[in-house]
Amino acid sequence: MEILLLIIFYFLSMYLLFNTIKLFYNRYLRTYKLEINEYLRQKGYKYVETFSAKKKDWSRSPIKMPSQYELGPFTRGVQWTKYEYLIIVGERNQKYHEFWLEIKTSYFQKSKLIFSDGQRINYIDNKNSELVIENCPNCGYMLFSNDDINCPDCGFKLK
């Protein structure tokens, strides 16, 4: 009887350890690039970049902003369910479109990915912008003003 209890305890411990490692991998190490590329391919887009949603990005989000309420510093420990939000940029015919991804990870469950269409992105090309020189090419002196004609340190002509 004791051996049976030890075997059950051992397998239960291994199961919990395996699920904890799997959860850690899904929350902190996995990038979900394969799933993102497959989603974009189905929509006819080519992958450009992915970045985390910041506070200023939520104004154009198709997803409702999650509550940021926390009870105190001790509530930040182990979370049973964690939500992460990513913004994916895709390109089709020289036009860019953003997609939102909600990733839900929880113990003993497969990660859930929810994609949402965002809005089109209009990038402005600055092909005619001026080259900004930060250091003098002659002596390496740091330039604080882009209006200088000559380097304040060595007198090298900048423009």
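Worth saying up front: this structure is predicted, and the values here are computed from it rather than measured.

## Regarding empty space enclosed by the protein
Reasoning step 1: In total, this model carries two cavities of 30 Å³ or more according to the counting rule given.
Reasoning step 2: Taken together, Asn19, Lys22, Leu23, Asn26, Thr105, Ser106, Tyr107, Phe108, Gln109 and Ser111 make up the full set of residues lining the largest cavity.
Reasoning step 3: Counting only elements with at least two residues in the lining of the largest cavity, the list comes to α1 (2-29) and β3 (95-106).
Reasoning step 4: Of the residues forming the lining of the largest cavity, the biggest block, four residues, is contributed by α1.
Reasoning step 5: Split by residue class, the lining of the largest cavity holds three nonpolar, six polar and one charged.

## Considerations on the pairing of strand β2 (residues 81-92)
Each regular strand displays side chains that alternate between the two surfaces of the sheet.
Reasoning step 1: Pairing geometry for strand β1 (residues 46-52) and β2, over six bridges, is antiparallel. Within β2, the residue paired with tyrosine 47 across the bridge is glycine 90.
Reasoning step 2: Direction of pairing for β2 relative to β3: antiparallel, over a ladder of 12 bridges. What sits directly across from tyrosine 85, in β3, is glutamate 102.

## Focus: helix α2 (residues 33-43)
Reasoning step 1: Residues of α2 that are buried include every one of Ile36, Tyr39 and Leu40, and no others. One side of α2 holds all its buried residues, which, seen down the axis, span an arc of 95°. Facing away from the buried side of α2 by over 90 degrees, the exposed positions are Leu34, Arg41 and Gln42.
Reasoning step 2: Close packing links the buried residues of α2 with β1, β2, β3 and β4 (112-121).
Reasoning step 3: Looking at the residues trailing α2, positive phi occurs at glycine 44, about 90°.

## Comments concerning unusual backbone geometry
Reasoning step 1: Phi at tyrosine 32 is positive, roughly 60°, even though this residue is not glycine.
Reasoning step 2: Along the chain, tyrosine 32 falls in the loop between α1 and α2.
Reasoning step 3: Of note, phenylalanine 108 is a non-glycine position whose phi angle comes to about 60°, a positive value.
Reasoning step 4: Position of phenylalanine 108 among the secondary structure elements: in the loop between β3 and β4.

## Brief notes about a nonpolar patch on the surface
Reasoning step 1: Taken together, the side chains of Ile3, Ile7, Tyr10, Phe11, Met14, Leu17 and Ile21 present a nonpolar region at the surface, about 730 Å² in accessible area.
Reasoning step 2: Relative to the elements of secondary structure, isoleucine 21 occurs in helix α1.

What counts, and at which threshold
- Each chain carries its own residue numbering, running from 1 in the direction its sequence is written.
- Only residues with pLDDT of 70 or above have their local features reported here, since the model is predicted, and side-chain atom pairs are shown and tallied only from 80 upward, although totals for entire chains, interfaces and linings are computed over all residues.
- The basis for every side-chain value is the complete set of heavy atoms in the structure, and neither hydrogens nor water enter the calculation.
- Any residue with an atom within 4 Å of a point lines the site, the site being either a cavity, points on a 1 Å grid over the protein atoms alone where a 1.4 Å probe fits but cannot get out, or a pocket, an open set with protein on both sides within 12 Å along at least 5 of 7 lines.
- Grid points are joined across faces, edges and corners, and a volume is the space filled by probe spheres set on the points.
- Helix and strand assignments come from DSSP, with helices taken as H or I runs of at least 4 residues and strands as E runs of at least 2, each series counted from the N terminus.
- All amino acids are sorted into three groups, where Ala, Val, Leu, Ile, Met, Phe, Trp, Tyr, Cys and Pro are nonpolar, Asp, Glu, Lys and Arg are charged, and the leftover types, Gly among them, are polar.
- Two strands make a pair as long as DSSP finds a minimum of two bridges between them.
- Only protein chains enter the area calculation, which uses a 1.4 Å probe; residues under 20% of their type maximum are buried, those over 50% are exposed, and those in between are partly exposed.
- Throughout, the arc means that of the directions going from the helix axis to the C-beta atoms.
- Should any heavy atoms of two residues lie within 4.5 Å, those residues are counted as being in contact.
- Within this analysis, patches are made of residues with over 30% relative accessible area and no salt bridge. Like charges are joined at 9 Å or less; nonpolar side chains (Val, Leu, Ile, Met, Phe, Trp, Tyr) at 5 Å or less.
- Surface accessibility follows the Shrake-Rupley procedure with a 1.4 Å probe radius. Residue values consider only the protein chains on display as shielding.
- By salt bridge we mean one thing: a side-chain nitrogen of Lys or Arg within 4 Å of a carboxyl oxygen of Asp or Glu.

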